[in-house]
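# Structural features, examined
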Amino acid sequence: MKTIINKVKGSGAGLSILSSGIAVLAGLLIGLIILLITDHTQAFPAFQTIITVGFSSIRNFGELLYSATPIILTGLSVGFAMKTGLFNIGASGQFTFGAYVAVLIGVRAEFIPPSIRLIVSVLAAILVGALWGAIPGFLKAFRNVHEVISCIMTNWIGIFLVNFMILNTIFDETRNSTMRVPGDANMPGWGLGELFQGANARPSSVNSGIVVAIAVAIIIFIILGYTKFGYELKACGFNQNAAKYAGISEKRNVVLSMMISGGLAGLGGGLHFLSGAGITMNVTDTLSYEGFTGISVALLGMNNPIGIIFAGLLIAYLQQGGFQVQHFGFVPEIIEIVTAVIIYFCAFALLIKSFFSRVGRKRADVVAEVEQVKELPKIEEEGSDK
Amino acid sequence: MYVIEMRGITKEFPGIIANDDVTVQLKKGEIHALLGENGAGKSTLMSILFGLYKPEKGSIFKDGAEVVVNGPNDATKLGIGMVHQHFKLVHNFTVLENIVLGDETTHRGVLQMKAAREKVLALSKRYGLEIDVDKEVQDISVGMQQRVEILKMLYRENEILIFDEPTAVLTPQEIESLIQTMQGLAAEGRSILFITHKLDEIKQAANRCSVLRKGKMIGTVEVETTSKEALSEMMVGRKVSLSLDKKDANVGKEILHVKNLTIKGETGHKNKLTDVSFHVREGEIVCVAGIEGNGQTDLVYALTGLNGIESGQVSMMGQDITKAKIRQRGELGMAHIPEDRHKHGLVLDYTLAYNAILQRYYTPQFQRAGFLKQGEITHYADTLIERFDIRAGQGSETIARSMSGGNQQKVILAREIDRDPHLLIAVQPTRGLDVGAIEFIHSQLLKQRDAGKAVLLVSLELEEVMNISDRILVMYEGEIVANVDPKSVTYQELGLYMSGAKREVNV
């Protein structure tokens, strides 16, 4: 127990939570200012809605959990890669690919019984996301192509490839999107929708996906913090040279890390479109929102899997507020601005945090050196014993 | 009256006083040594003189009049010049361009290099500073680069010359001629501040010596009447034995055998290593000496598996390991204290405990079924802390980054020695450490040797080479040019090998 407490102290978790909190407050404040500029008469009620909507009814809370599911997973995807020294900006493409394959199997693989089909489609989503993530991983490990560049490319290739494949496989012309996955091949509700239901007994969209997302976050937390594999991955992330010196194959780890990261994003895509909430994949030429929000979630959660759960919930909470402010005549994009400001402040907070820890470090360095000079007589005694 | 007087300088950084009421007085025409360990406050003091830091207290006087130095330009105006430890030269400029840079004569915007060239040549001749004005800096030797730096100061007619650890990169012969140059300049009435931690050079060159310790001025003494022992005691604050207590080597069977190792350079460049062959046996410390950049790093990378090789063979304990992976080498009993402890030696963001298991985290001792045994790791780190007297604020949970250089090095040393290796490869293990830590590391290396291990030490410090090794291999331009016994070789001879002026016939 003591080691865990020390670890928390050492990693500056308190500082992280504090700086994330400040970033959120700053983001909300600037959101309020924008609301005031847009329409000062409605600004305060709208702001109040943003702050309270997620908790305003049990059903809203259920919706919150539902929309948090995919972004927790894409957040984990980005955060996990970040922990191992890679910036997986390709979560969008991996998410979309995972989603497509999940829906494809859900719709077309009718020869498999629905409950097994669900498992197959979820696993396929993970696998395809992992393969799509492996491409930048391989390029990075063996051709030294920066993963950000290749991820941007795989994002766009992914979008258009998926569009093309949707058109040729599971396209529903009447709705310009994919066909629906039959109800029983979707994620089971486990009664969660009914648990978080509205006043008129209308269930919310929450389903077992959120449980999976949280469980996966905990598994990632354990892998990174307590296993040999996590030790290797983080060593590569912190210092690739030292990892190589320690006999860790950094190439293998880069590929594996990108695959796991891609698999998480793919899982996010699968769970999102197998939610049974009636959403389908549209054929558009924009990158998936969930993939990019994953970057924000990871940043806000300081790349910590547990932090990412809360960051995902928070961003989902704000999004709901965004929908609601439309009642007051505001555009929902206001919430995008708030999120963006939060991310900016997160980055600032990171800078400030690293600045403070550097000052502390310098101090510790010098103090330690002075300590070292103090310790000299002891060594001398040791030497004279011989 | 003093040419430069820094009076009562106090400079604080958060949590530490880097200079505490320090007074240094430089007389005209003297060579004044500034002696102190790493972190004693020498660099801070010089940075203040150059206006890079503002002191909290104290003032600077030039020829008795108080001056304000707000930046390096003010310092240059006062006639203060400095040769930095790491030269500040533009690599793809010629020697001449480098000397003139920042002080160019122009006519209607066009450079007037002819006059500059004559002036530089005259200076070079007058002070015996041999240079090749038209060569690019990247193609000349380190010694010549330093002469370029000196000429830069003379070109600007600086009166006060500061040399920051100028001998660290030179051969003994070059050191000798540098000292002669310094003495010549002083005899002309220029004043020299000579920053160093080498006592021999102070005895040879300096008139007076000021000693700094932990930010405080311990005192200024006449070098003539002060013994080396007294100087080192002032520097460290206790008596130091300047010689190592070393038993005779008890050499056993061959551990490492290197045959015709060659590494090609990039296209158009010389080989990094050419036909390197040698061996290291149980119970001996073999030292690879040489000036920085003569292939030592490439040799170590090849031996430890960090880089591949073109041709040749490396075997350990009779087993061919030329193509072996890094981990295989480790498991065969090769330990490696790397040259750059921040680049290779440590994961700075890991705790001390996690760094302590860097080479063995995957063994059953520290993991079961893929899960790290946290308790075992902490316990292991604690035993290392105890055995090697590692000082760290939060014990085994201290983040490596927050530890001092000496203690970081101890962590690496402890980790590598505790692997109980057959062969220990230590690359500049004492670089940047102070006397206490150096003594400790030397004694540990000797302990390994006396325990019958093979030790390969790569060092740039000749004193270290001479004191600790049982056999010396000298490297020059990627080749081994000498294989000598430290008991029968002189510093001068080593210097000749190191500079390529001499080579043994049968190496």
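Attention now moves to the sheet that holds strand 23 (residues 471-476) of chain B. All names here are of chain B. Reading across the sheet, the 6 strands line up as 18-21-22-15-23-24 and stay open at both edges, with mixed pairing between neighbours. Both edges of this open sheet fall to strand 18 (334-337) and strand 24 (479-484), since each of them pairs with a single strand only. Neighbour-to-neighbour, the strand axes of this sheet turn through a mean angle of 20 degrees, independent of strand direction. Here strand 18 runs beside strand 21 (residues 423-427); their pairing, made up of 4 bridges, is parallel. Bridging across to strand 21, A335 finds its partner in L424. Contacting strand 23 and strand 24, helix 17 (residues 491-498) runs over the sheet at an angle of about 35 degrees to strand 23.

This next bit is on the domain arrangement of chain B. Here chain B is described as being made up of domain 1 (4-236), domain 2 (241-333 + 422-507) and domain 3 (353-420). For domain 1 of chain B and domain 3 of chain B, the distance between their C-alpha centres works out to 41 Å.

Let's shift gears to helix 17 of chain B. Residue and element names in this part refer to chain B. Turning to helix 17, its buried residues are L494, G495, Y497 and M498. Take helix 17 and look down its axis: the buried residues cluster within an arc of 160 degrees, on one side only. Structurally, helix 17 contributes buried residues whose contacts are with helix 6 (172-187), helix 16 (462-468), strand 23 and strand 24. Just past helix 17, the residue G500 takes up positive phi, approximately 80 degrees.

Attention now moves to a nonpolar patch on the surface. All names here are of chain A. Together, I149, M153, I157 and L161 line one region of the surface with nonpolar side chains, adding up to about 360 Å² of accessible area. As for its placement among the helices and strands, L161 is situated in helix 7 (residues 147-169). Residue class for L161 comes out partly exposed when judged on its relative accessible area of 35%.

With that out of the way, let us pick up the domain arrangement of chain A. Residues and elements named next belong to chain A. Examined at the domain level, chain A breaks down into domain 1 (1-39 + 330-379) and domain 2 (59-316). Taken residue by residue, the interface counts 11 residues in domain 1 and 8 residues in domain 2. Where domain 1 packs against domain 2, one counts 0 residue pairs in polar contact (both at pLDDT 80 or more). Listed by contribution, the elements that provide at least two residues to the side of domain 1 that touches domain 2 are helix 2 (13-38) and helix 15 (334-374). Among the elements that line the side of domain 1 that touches domain 2, the one with the most residues is helix 15, at 6 residues. When grouped by side-chain class, the residues that make up the side of domain 1 that touches domain 2 number 6 nonpolar, 4 polar and 1 charged.

Looking along a regular strand, one sees side chains alternate from face to face of the sheet. Residues and elements named next belong to chain B. Counting buried positions along strand 22 (residues 454-458) yields 5 of 5 residues, so the element is predominantly enclosed. Of the two faces of strand 22, the one lined by A454, L456 and V458 and the one lined by V455 and L457 are each fully buried. Relative to strand 22, strand 15 (residues 285-289) runs parallel, the two being bridged by 4 bridges. Within strand 22, the position partnered with I285 by the bridge is V455. Bridge count for strand 21 against strand 22 is 5 bridges, and the pairing is parallel.

About the thresholds
- Residues numbered from 1 in each chain as written.
- Chains lettered and ligands numbered in written order.
- Predicted model: local features only at pLDDT ≥ 70, side-chain atom pairs only at ≥ 80, totals over all residues.
- Heavy atoms only, no water.
- Pairing = 2+ DSSP bridges.
- Helix = DSSP H or I, 4+ residues; strand = E, 2+ residues; numbered from the N terminus.
- Axes fitted to C-alpha atoms, helices over the stretch in contact; angles between N-to-C directions.
- Contact = heavy atoms within 4.5 Å.
- Domains from an automatic or database assignment.
- Buried < 20%, exposed > 50% of the residue type's maximum accessible area, 1.4 Å probe, protein only.
- Arc of directions from axis to C-beta.
- Patch = residues over 30% accessible without salt bridge, like charges linked within 9 Å, V, L, I, M, F, W, Y side chains within 5 Å.
- Areas by Shrake-Rupley, 256 points an atom, 1.4 Å probe, with all protein chains shown as cover.
- Salt bridge = Lys/Arg side-chain N within 4 Å of Asp/Glu carboxyl O.
- Polar contact = N/O pair within 3.5 Å; in protein donor to acceptor, adjacent residues only side chain to side chain.
- Nonpolar A, V, L, I, M, F, W, Y, C, P; charged D, E, K, R; others polar.

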